[in-house]
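Residue-level listing of the chains:
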Amino acid sequence: MRPVCRFPGAKVTRMCGIIGYVGPRAAQEVVVSGLRRMEYRGYDSAGVAVVVDGVIEYRKKAGKITNLDAEIVANPMPEATIGIGHTRWATHGGPTDYNAHPHVSDNGRIALIHNGIIENFAGLRAELQAGGVSFRSETDSEVAAQLLGREVAQGTDLADALRAVVNRLKGAFTLVAMDAQEPERLVAARRNSPLVVGVGEGENFVASDVAAFIEFTRNAIELGQDQLVDVTPTSITVTDFAGNPAESHPFEVTWDLSAAEKSGYDWFMRKEIYEQPQAVADTLLGRFNEDGSLKLDELHIPEAELRSIDKIIIVACGTAYYAGMVAKYAIEHWTRIACEVEIASEFRYRDPIITRTTLVVTLSQSGETADTLMAIRHAREQHAKVIAICNTNGATIPRESDAVIYTHAGPEIGVASTKGFLTQVAACYLLGLYLAQVREAKYGDEIAAIMAELASTPPLIQRVLDGLEPIKQLAAKYINQQSVLFLGRHVGYPVALEGALKLKEIAYLHAEGFPAGELKHGPIALVDEGIPVFVVVPPQGRDQLHDKVISNIQEVRARGAFTIVLAEEDDEEVTPYADVIFRLPKVSTLMQPLVATVPLQMFACELASLKGYDVDQPRNLAKSVTVE
Ligand code: AGP
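Residue numbers run consecutively from 1 along every chain, following the written order of its sequence. Where local features are concerned, this predicted model is filtered to residues with pLDDT of at least 70; where side-chain atom pairs are given and counted, the filter is 80 or more; whole-chain, interface and lining totals use all residues. Hydrogens and water are ignored here; the side-chain numbers use all heavy atoms of the structure.

Caption draft 1: Inspection of unusual backbone geometry at higher detail. Note that the residue after histidine 101, namely proline 102, is joined by a cis bond; omega there is 0°. Non-glycine residue aspartate 53 carries a positive phi angle of around 50°. One non-glycine residue with positive phi stands out, namely histidine 490, at about 55°. Structurally, the position occupied by histidine 490 is in the loop between strand 20 (483-488) and helix 17 (492-507). Residue burial is assigned from relative accessible area. The probe radius is 1.4 Å, only protein chains are included, and a residue is buried under 20% of its type maximum, exposed over 50%, and partly exposed in between. Classification of histidine 490 by relative accessible area gives partly exposed; the value is 29%. Put simply, DSSP marks the helices as runs of H or I at least four residues long and the strands as runs of E at least two long, and each gets a number from the N terminus on.

Rendered as structure tokens:
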């Protein structure tokens, strides 16, 4: 009977984790430990394959890696020096044992793993079946294994065979394969999906993420689009899909293994919340001169071009989009250039007005978000300049942009972004001030004063972190809460949206963020007796919106809301209207998101944890969404 695809035409995929190893160590152990380090990417099955005595041995199981471990204990794998492994997020074919990767070709020659979607798999599958090939899964990926098996069986060299296969595939893919008859050789290829090579001594690795091999080496090579790599324990050869030698980009991983572990915290998310002072400080490090002027050495765009920009469009998804919303206020204020913010998945479909003098700024923690990547490609086709603000060295988005400003937040493992948000705001501020400097939109001493305030925020974020106990206690009160509202104005509005997103993502409860002034135009109807309403209050005195937000608090309180107010120290005007008040350090309005977001992150983390949910890997979500 023809297998039934449970998710026909599924278009949304998550980022599978891929690792391959060749060298003297016990391959199966190296591969499974690498898979564990990539768990944060989200997956629903896992598998490993090795080659021993000309035979491919594999184990694969639906569910978490612990299921795979149990399978290996029940059916031990022989010692091997070459292996590949995969964590899969189901797209074509349900999350079952037989749909898990690696896929082994019908003739037993090839084991292959795949990340992405092969769009033309149905035709290829029919062709292979007509040629007598039997399929053992419902996946799109298996066609690549079968095609490769057929090629090598005809005597084609393994790398040439993979080249022939990738030239027949449409869609997004990273493929890693090994041949039962070549126990010292891995081949891998990438198009629209990530792949890095880990360079060891007498051993080498390929993986979707450096986290998979950081335990063994910090030396890595990033592969470019449409490149193929041929790896043995002592050699790495990179070519394009036509077989021509291709340029590869070696880099050194600057963070270590302990950075990717929880360091005693119960959740990566909690650890990452506490890392924010350091993450912001690292993002600002080395980016300004002693006189307070900015230097963005990595921005290889001539100043004349930056001076000619007449419009900025910030493009991003989710939390990064909210960071972009914050940045818009600052960039317009400092540079006087019109700045739009756009959700990446909407961007290219509305035919945006882009010219040679438009600057597109993309924000992405992972650097692999497909919606953002497609927006970049669209913008560059229209001859716009693209600057990426990104946290992941060697990722696709920075590689495909004209310039990149890295946020040095270190690895963000929790699916819910926290330090990603704060560092994106900080990096956008650096860019905004740099543009103001280049265009002389602000005097040098004004820029130096703003930079000094930005540089003073890490200890203030630390002070917020040191005072989070009341927020944690508050979370305990809302374990059975159905709905929570968040209000803010100006930069407080995206902070409210971010607070609501965190609750939706990890505590699975209905949460909405609104501009406080918009309440009376509809959303206030949601307010009923006892509903918790978080309100971000702008700085007192120095901000014209302060009094208006206090009126908004009174409006919701009069209708029964329980008001949880985030207001700066000494703001006593707000005290009579707050059921609970959380004090923020005194900062200017534009710096407030860097301190006000933190308690909202912690509220969500604590509530989700108390509800017994998996804070780091919430249901239906993964860290990077690599297909549109
Ligand atoms: C944040 O908590 C989310 N997991 C999500 O919205 C994320 O910010 C978005 O998918 C963008 O990811 P990126 O920064 O890696 O591009």
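Additional details are given in the paragraphs that follow.
Caption draft 2: Seen up close, the domain arrangement of the protein chain. An automatic or database domain assignment provides the domain bounds reported here. With domains assigned, the protein chain is organised as domain 1 (8-253), domain 2 (271-455) and domain 3 (463-610). Relative placement of domain 1 and domain 2: their C-alpha centres are 34 Å apart. The contact criterion used is simple: two residues touch if any of their non-hydrogen atoms lie within 4.5 Å. In this assembly, ten residues from domain 1 lie in contact with ten residues from domain 2. The working definition used for a salt bridge is a side-chain nitrogen of Lys or Arg within 4 Å of a carboxyl oxygen of Asp or Glu. One can count one salt bridge joining domain 1 with domain 2. Between glutamate 222 and arginine 399 there is a salt bridge, with the nearest N and O atoms lying 3.4 Å from each other. Polar contacts, as counted here, are pairs of nitrogen or oxygen atoms within 3.5 Å of one another; within protein the pair requires one atom able to donate a hydrogen and one able to accept it, and residues that are adjacent in sequence qualify only if both atoms are side-chain atoms. Our count for the contact surface shared by domain 1 and domain 2 stands at three residue pairs in polar contact (both at pLDDT 80 or more).

Caption draft 3: Expanded view of helix 11 (residues 370-381). How far a helix is expected to stretch is found by multiplying one less than its residue total by 1.5 Å. Given a rise of 1.5 Å per residue, twelve residues ought to cover 16 Å, and the 16 Å separating the end C-alpha atoms of helix 11 matches this to within 8%. When you tally the buried positions in helix 11, you get nine out of twelve residues, the bulk of the element. When helix 11 is considered as a whole, its buried residues turn out to be Ala370, Asp371, Thr372, Leu373, Met374, Ala375, Ile376, His378 and Ala379. Where helix 11 is buried, its residues touch strand 15 (311-316), helix 10 (344-347), strand 17 (358-364), strand 18 (385-390) and helix 12 (396-399).

Caption draft 4: Expanded view of the pattern of salt bridges. A complete count under the given rule lists 34 salt bridges for this structure. Across the salt bridge formed by lysine 271 and glutamate 275, the nearest N and O atoms sit 2.9 Å from each other. Assessed through its relative accessible area of 3%, lysine 271 is described here as buried. Using a relative accessible area of 22% as the deciding quantity, one classes glutamate 275 as partly exposed.

Caption draft 5: Quick peek at the sheet that holds strand 18. By definition, two strands form a pair when at least two bridges between them are found by DSSP. Strand order in the open sheet formed by five strands is 16-15-17-18-19, and the pairing between neighbours is parallel. Looking at which strands have only one partner, the edges of the open sheet turn out to be strand 16 (338-343) and strand 19 (403-406). Pairwise comparison of adjacent strand axes, ignoring direction, gives a mean angle of 20° for this sheet. Orientation is described by lines fitted to C-alpha atoms, with helices fitted over the stretch in contact, and by angles between N-to-C directions that extend from 0 to 180 degrees. On top of the sheet, helix 9 (residues 318-335) reaches strand 15, strand 16 and strand 17; it is set at about 170° to strand 16, its chief contact. Sitting on the sheet, helix 11 touches strand 15, strand 17 and strand 18, and the angle it makes with strand 17 is about 165°.

Caption draft 6: Fine view of the site of the ligand. If even one non-hydrogen atom of a residue comes within 4 Å of a molecule or strand, that residue is called near it. Within the structure, the ligand sits among 14 residues, and Ser364, Gln365, Ser366, Thr369 and Glu505 are positioned closest to it. Interatomic distance of 2.6 Å between a side-chain N/O atom of serine 364 and an oxygen atom of the ligand. Between valine 415 and the ligand, the recorded distance is 2.9 Å, taken from a backbone N or O atom to a nitrogen atom. Using a 1.4 Å probe, the Shrake-Rupley method yields the accessible areas, and only the shown protein chains count as cover for residues. Alone, the ligand offers 410 Å² of accessible surface; in the complex the protein occludes 89% of this. Those elements that place two or more of their residues in the shell around the ligand are helix 9 and helix 17.

Caption draft 7: Region of the structure containing helix 1 (residues 27-37). The buried fraction of helix 1 is high, at eight of eleven residues. For helix 1, every residue scored as buried is listed here: Ala27, Gln28, Val30, Val31, Val32, Ser33, Gly34 and Leu35.

Caption draft 8: Looking closely at the environment of asparagine 480. Position of asparagine 480 among the secondary structure elements: in the loop between helix 16 (469-477) and strand 20. As a C-alpha pair, asparagine 480 and leucine 509 span 29 residues in sequence and 9.5 Å in three-dimensional space.

Caption draft 9: Region of interest: the packing of aromatic side chains. Planes of paired rings set the category: under 30 degrees apart is stacked, over 60 is edge-to-face and the rest tilted, where pairs are Phe, Tyr or Trp rings (Trp by its six-membered ring) whose centres lie within 6.5 Å. One pass over the full model with this rule turns up twelve aromatic pairs. Centre to centre, the rings of tyrosine 21 and phenylalanine 205 are 5.1 Å apart; their planes meet at 50°, and the pair counts as tilted. Note that tyrosine 21 is positioned in strand 1 (residues 17-22) and phenylalanine 205 in strand 10 (residues 204-207), a separation of 184 residues in sequence. Accessibility expressed as a relative area gives 0% for phenylalanine 205, which makes it buried. Arranged with centres 6.4 Å apart and planes meeting at 65°, the rings of tyrosine 478 and phenylalanine 603 form a pair that is edge-to-face. Note that tyrosine 478 is positioned in the loop between helix 16 and strand 20 and phenylalanine 603 in helix 19 (residues 592-610), a separation of 125 residues in sequence. Put simply, the rings of Tyr478, Phe486, Phe534, Phe562 and Phe603 pair up and form one aromatic cluster. The ring of phenylalanine 562 has lysine 477 lying over it, and the distance from NZ or CZ to the ring centre is 3.6 Å. Note on criteria: charge over ring means Lys NZ or Arg CZ within 6 Å of the ring centre, with the direction from the centre no more than 35 degrees off the ring normal.

Caption draft 10: Quick look at the sheet that holds strand 8 (residues 186-191). Strand order across the open sheet formed by six strands is 5-6-7-8-12-13, with antiparallel pairing between neighbours. Every other strand in the sheet has two partners, leaving strand 5 (103-104) and strand 13 (236-240) as the edge strands with one partner each. By the bridge criterion, five bridges tie strand 12 (residues 227-231) to strand 13 in an arrangement that is antiparallel. Considered in strand 13, the bridge of valine 231 is made with isoleucine 236.

Caption draft 11: Geometry of the nonpolar core. Grouping buried Ala, Val, Leu, Ile, Met, Phe, Trp, Tyr and Cys residues that are joined through side-chain atoms within 4.5 Å yields what is termed a nonpolar core. Counting residues in hydrophobic clusters, the biggest one holds 97 residues, and the most contacted among them are Ile312 and Leu503. It is helix 13 (residues 419-438) that provides the largest number of residues to this core, a total of 14 residues. Here this core gathers at least three residues from each of two domains, domain 2 (271-455) and domain 3 (463-610). Apart from the residues within four sequence positions on either side, leucine 503 is in contact with Val484, Phe486, Tyr508, Leu509, Ala511, Phe603, Ala604 and Leu607. Ranked by size, the runner-up nonpolar core spans 30 residues in total, among them Ala27, Val48, Val50 and Trp255.

Caption draft 12: Spotlight on the packing of helix 15 (residues 457-466) against helix 19. Axis separation between helix 15 and helix 19 bottoms out at 9 Å; the angle between their running directions is 25°. Here helix 15 lies roughly parallel to helix 19, going by the angle between them. Viewed along their axes, helix 15 and helix 19 form a crossing whose handedness is right-handed. Contacts from Thr457, Leu460, Ile461, Val464 and Leu465 of helix 15 reach helix 19 at Leu594, Val595, Val598 and Pro599. Looking at the contact of helix 15 with helix 19 residue by residue, the classes come out as eight nonpolar, one polar and no charged. Put simply, angles under 35 degrees are roughly parallel, angles over 145 are roughly antiparallel, angles from 65 to 115 are roughly perpendicular, and the rest are oblique. Two helices cross in a left-handed way if the nearer one is turned anticlockwise from the farther one by less than a right angle. They cross in a right-handed way if the turn is clockwise. Polar here means any residue outside two lists: the nonpolar Ala, Val, Leu, Ile, Met, Phe, Trp, Tyr, Cys and Pro, and the charged Asp, Glu, Lys and Arg; Gly therefore counts as polar.

Caption draft 13: Structural detail: the pairing of strand 10. Residues Asn204 and Val206 point to one face of strand 10 and Phe205 and Ala207 to the other, with burial holding for every one of them. Where strand 1 meets strand 10, four bridges bridge the pair, whose relative direction is antiparallel. Residue pairing for strand 10: isoleucine 19 is matched across the bridge by alanine 207. Bridge count for strand 9 (residues 196-199) against strand 10 is four bridges, and the pairing is antiparallel. The residue bridging valine 197 from the neighbouring strand is valine 206, located in strand 10. Connecting strand 9 to the antiparallel partner strand 10 that follows it, the hairpin turn spans four residues, and glycine 202 within it adopts a positive phi of roughly 70°.

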